[in-house]
Amino acid sequence: MPMGHTATAQAGSGGLTATEHRLSNGLRVVLSEDHLTPVAAVCLWYDVGSRHEVKGRTGLAHLFEHLMFQGSGQVKGNGHFELVQGAGGSLNGTTSFERTNYFETMPTHQLELALWLEADRMGSLLAALDEESMENQRDVVKNERRQRYDNVPYGTAFEKLTALSFPAGHPYHHTPIGSMADLDAATLEDARAFFRTYYAPNNAVLSVVGDIDPEQTLAWIEKYFGSIPSHDGKPEPRDGSLPGIIGEELRELVEEEVPSRALMAAYRLPEDGTRASDAADLALTILGGGESSRLYNRLVRRDRTAVAAGFGLLRLAGAPSLGWLDVKTSGDVEVPVIEAAVDEELARFAEQGPTAEEMERAQAQLEREWLDRLSTVAGRADELCRYAVLFGDPQLALTAVGRILEVTAEDVREVAEARLRPDNRAVLVYEPVAPEAGESEEAAAAGTEEAAAVGTDENEETAK
């Protein structure tokens with residue numbers, strides 16, 4: 001195995017280090033030692049997500065994530081779950097616009113098992129993929145769509161706003177869950193071709209973090225992954241670039257059985273991996289990141305026109321990121337009242353920028369969130385993979401905190417002025433309608449507790 005190189009994190013990441021290696025078949029490997037607790041995290045990112053899908057086959061990346069838990073050459077049926085959980089570990093997988101990942105956290109002495117399991121399905125999944133497993137997981141994903149999207153108050157808001165924000169034909173126009181029609185249309189041969197194209201070692205990054213012996217870990221990785229052949233037929237993803245400004249406000253009225261009126265909007269923001277994206281993250285944190293934010297103080301505390309108000313950032317590397325606004329109204333308050341107050345606060349922020357206290361608080365909040373992720377073996381493994389797949393350099397994960405702290409108040413004001421404008425957003429206005437005959441008012445009201453804010457995590461996660 002080729003020797004790797006080592007880089008040390010900058011101040012702010014606790015002196016964490018990571019070494020990088022590459023197998024002859026193209027698999028990139030990132031290792032990070034951490035002997036604080038006797039556990040190890042294995043994380044495998046494949047460079048494939050819903051942006052790689054073609055018209056008529058949306059949802060295939062997410063469907064395939066489920067199929068990866070249906071057995072492989074030497075592991076039958078539900079054996080992946082059974083073996084990991086029986087060894088005292090945990091596991092899951094998620095799909096996003098830009099990648100699909102699989103991960104296990106194991107007691108140190110069970111690390112080899114996790115590596116063998118991941119290698120077995122990378123190298124031999126097609127040996128176990130048949131019509132029965134295809135139909136089984138197709139039904140699981142369709143039911144997941146019903147439970148998380150179609151039958152939940154505001155459940156399709158993420159899908160609607162994404163479709164509004166990215167024009168038809170754009171690779172990010174549809175969300176990873178896919179449509180019912182496309183899920184029905186997917187064939188076994190579609191799944192097999194998808195696997196052959198994207199589930200190859202040269203299209204993946206494997207990170208192992210925790211209480212590990214790097215030399216032994218590399219030997220196991222070579223033993224189990226080294227003989228899996230590479231595949232060179234992957235098409236390049238379609239171009240996701242767009243102008244920084246939409247140029248007009250896009251608006252849709254949604255009349256559904258929801259607990260209250262709502263204003264939701266998506267603003268087009270800078271691509272992930274840039275200083276401007278970090279500045280946008282700080283801007284949204286100050287404006288809508290929690291109960292100390294400007295919008296919460298204005299709408300919920302002062303005006304009492306809303307019961308919830310928040311702003312979040314959906315970071316995207318291959319397309320403009322999206323700033324997600326979510327406000328649920330209070331009582332009989334009309335949405336235009338909320339919208340006028342939001343626009344007033346955004347305009348004031350674009351003109352004046354953040355105060356020194358707001359900058360300090362927002363940077364401390366984002367710094368804490370980053371350090372929380374890096375402090376767990378699973379969180380660090382995931383971030384190392386993310387930066388390796390999306391930006392080509394896993395070391396960037398260990399220096400992200402420093403880059404957040406370098407952003408200035410003027411950077412934050414400038415991105416707000418340039419992007420948080422009415423002509424750069426897609427808007428959903430929710431108007432409640434009465435429940436259909438036969439549904440009790442109590443059942444309709446119960447949806448209030450389930451109606452979470454529009455999320456900024458686009459992941460579709462495998463259900464247990």
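Residues numbered from 1 in each chain as written. Predicted model: local features only at pLDDT ≥ 70, side-chain atom pairs only at ≥ 80, totals over all residues. Heavy atoms only, no water.

### Some words on the overall build of the chain
As a reminder, the rule being used: Helix numbering and strand numbering both begin at the N terminus, where a helix is a DSSP run of H or I of at least 4 residues and a strand a DSSP run of E of at least 2. Radius of gyration means the value over C-alpha atoms here, while the globule rule gives 2.2 Å times the residue count to the 0.38 power. The buried label applies to any residue whose accessible area, calculated with a 1.4 Å probe on protein chains only, is under 20% of its type's maximum; exposed applies above 50%, and partly exposed to all values in between. Two residues qualify as a contact provided that any one of their heavy atoms is within 4.5 Å of a heavy atom in the partner residue.
Scanning the chain for helices and strands turns up 16 helices and 13 strands. At 23 Å, the chain has a C-alpha radius of gyration in line with the 23 Å of a compact globule built from 464 residues. Projected onto its principal axes, the C-alpha coordinates of the chain cover approximately 65 × 55 × 40 Å. Across the 464 residues in the chain, those meeting the buried criterion constitute 55%. Here the contacts in the chain between residues at least 6 apart in sequence split such that 80% fall between residues at least 24 apart.

### Things to note about the pattern of salt bridges
The following threshold applies: Basic side-chain nitrogens of Lys or Arg form a salt bridge, by our definition, when they fall within 4 Å of a carboxyl oxygen of Asp or Glu.
In the structure shown here, the tally under the stated rule is 39 salt bridges. Note that D47 is salt-bridged to K234, the shortest N-O span being 2.9 Å. Here K234 lies in the loop between helix 8 (214–225) and strand 8 (250–256) and D47 lies in the loop between strand 4 (39–46) and helix 1 (60–67), a separation of 187 residues in the sequence. D411 is the salt-bridge partner of R275, the closest N and O atoms lying 2.9 Å from each other. With R275 in helix 9 (residues 275–288) and D411 in helix 15 (residues 409–419), this pair connects stretches of sequence that are 136 residues apart.

### Some thoughts on helix 15
Within helix 15 the residues assigned to the buried category are D411, V412, R413, V415, A416 and R419. For helix 15, the elements touching its buried residues are strand 9 (262–269), helix 9, helix 11 (335–352) and helix 12 (356–375).

### Regarding the pairing of strand 7 (residues 204–210)
Note the threshold: At least two bridges found by DSSP between two strands is the condition for calling them paired.
With 7 of 7 residues buried, strand 7 is to be regarded as a mostly interior element. Where burial is concerned, the two faces of strand 7 agree: the one with A204, L206, V208 and G210 and the one with V205, S207 and V209 are both buried. The pairing of strand 3 (residues 28–33) with strand 7 spans 6 bridges and is classified as parallel. Residue pairing in the sheet places E33 in a bridge with G210 of strand 7.

### Thoughts on the sheet that holds strand 12 (residues 425–432)
The test is simple: Geometry is summarised by axes, namely lines fitted to C-alpha atoms with helices restricted to the contacting stretch, and by angles between N-to-C directions that run from 0 to 180 degrees.
Within the open sheet, the 5 strands sit side by side as 8-12-9-11-10. Their pairing is mixed. Single-partner strands in this sheet number two, and they are strand 8 and strand 10 (306–314). Adjacent strand axes in the sheet meet at a mean angle of 15° when their direction is disregarded. As defined by bridge partners, strand 9 adjoins strand 11 (residues 321–329) across 8 bridges and the pair is classed as antiparallel. Considered in strand 11, the bridge of M264 is made with D326. Relative to the sheet, helix 5 (residues 157–165) contacts strand 8, strand 9, strand 10, strand 11 and strand 12, its axis offset from that of strand 12 by approximately 145°.

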